[in-house]
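An overview of the molecular structure
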Amino acid sequence: MKIGYSFWGFLGNGVTDTPDGGRSHRRPFVDALLARGHDIVFLQADRDRLEAGDDLGDAYAFDDGSPAIDVLFLEWRWAIPGRNTTLCGTEGHTCDLHRQAQLINHFTVRHRTPTVIWDKDRTLRAESAWRRTAHTLVCEAALAPTPGARSLLFPVAEDLVAQADPGALAAQRRDLVLGYVGNQYDRDEPFERFFAPAATHVDHLVAGKWTKTDRWPHVRFVGRIPFEAAAGVYSRSLATVLMLPERYSAVGQMTQRIFEAVLAGCLPLAPADIRFADRFVPQELVVRSGRDVLERLSYLREIASTQQHADLIAACVDRLSLFGLTKQVDTLESVLHGLVGTNATEQGAA
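Note that the structure is a prediction, hence the values are computed from the model and not measured. (Residues numbered from 1 in each chain as written. Predicted model: local features only at pLDDT ≥ 70, side-chain atom pairs only at ≥ 80, totals over all residues. Heavy atoms only, no water.)

**Observations regarding the sheet that holds strand β10 (residues 221–223)**
Within a sheet, adjacent strands bond to each other through the backbone by hydrogen bonds, running parallel or antiparallel. Taken in spatial order, the six strands make up an open sheet running β10-β9-β8-β11-β12-β13, and their pairing is parallel. The open sheet has two edge strands, β10 and β13 (286–287), and neither has a second partner. Here strand β8 (residues 176–181) pairs with strand β11 (residues 237–241) via two bridges, running parallel. Opposite L178, over in β11, you have A239 as the bridge partner. Docked against the sheet, helix α6 (residues 188–199) engages β8, β9 (204–207), β10, β11, β12 (267–271) and β13, running at close to 135° with respect to β9. Lying on the sheet, helix α11 (residues 290–303) is in contact with β8, β11, β12 and β13; it crosses β11 at an angle near 160°. (Pairing = 2+ DSSP bridges. Helix = DSSP H or I, 4+ residues; strand = E, 2+ residues; numbered from the N terminus. Contact = heavy atoms within 4.5 Å. Axes fitted to C-alpha atoms, helices over the stretch in contact; angles between N-to-C directions.)

**Some points on the pairing of strand β4 (residues 71–75)**
Working note: regular strand, side chains alternate between the two faces of the sheet. Across the five residues that make up β4, a large majority, five, are buried. Where burial is concerned, the two faces of β4 agree: the one with V71, F73 and E75 and the one with L72 and L74 are both buried. Of the pairings in the sheet, the one linking strand β1 (residues 2–6) to β4 comprises four bridges and is parallel in character. Its bridge partner lying in β4, I3 is registered against V71. Between the parallel elements β4 and strand β5 (residues 115–118), the chain passes through helix α3 (residues 96–110) in a crossover that is right-handed. (Buried < 20%, exposed > 50% of the residue type's maximum accessible area, 1.4 Å probe, protein only. Right-handed = clockwise from strand over helix to strand, strands pointing away.)

See below:
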């Protein structure tokens, strides 16, 4: 199929001052679709070239018009006041939302092009008409998606998982007990409950955009770091805490942070109120309070560099199969073929 793919972010490392978690999985996902014979044209701006000065060559095609496509695939964008709701050309404006509206009007509405919406941030309203339109389908990165939506998780490449060596990762020297890479957005409650109490007692580091931190003066915030530096933080850290906004934790939507941490040998502690927590991490790493976090960290420090440590890392690596790239590409292909087939039948009947 020829897929028109709309995303607002980067395929490469991009720039530091941007909240694009999709960089961890977008390019492998696209490359896997290309390897299966699909033709992909990107319909938003080429931010790798325009903002990061990164020329990815002829491997990827961009088009700011309305090219002929079989399917429209949207990484869903939402209104962010002062950023993409302002007039084009004004300071700080990004045109992702305007471009998405243009694409939907042209393809989904006017030409009834089969459309897949990947609601990666869970911002599409439950009552949205796109959830009830015959030639559209919503995917969510959750184990318990909204009724009518399909589960399409953030993918991790199987070759990266296969290369992970639990023994070598356990033997690695780690000068941080607790590390976290990610932004503050809607994470104050789990941070207050699970991370902040432990940070009082252990060497730690928090990287990312955290703008309201006055109530945690004891926490070491270092600000945003380059995307490629995240692996370095996790490689230095014995453990991390998987902190999710409530709208994610309620449906079992795990972010890419889990495989970024695990592949660096950093053990992820999962709050018990994350739905399906024990599918993401071994039961030994499920925590219910800040005290639990401290107790688990104490235990992990005791077993560091031992076979027990390596076994725990191995158990975490095994659970990454849930996010396997092949499985996620299979899911999307199934969705695409189903939509295109249904659409062709309806148009033939008309």
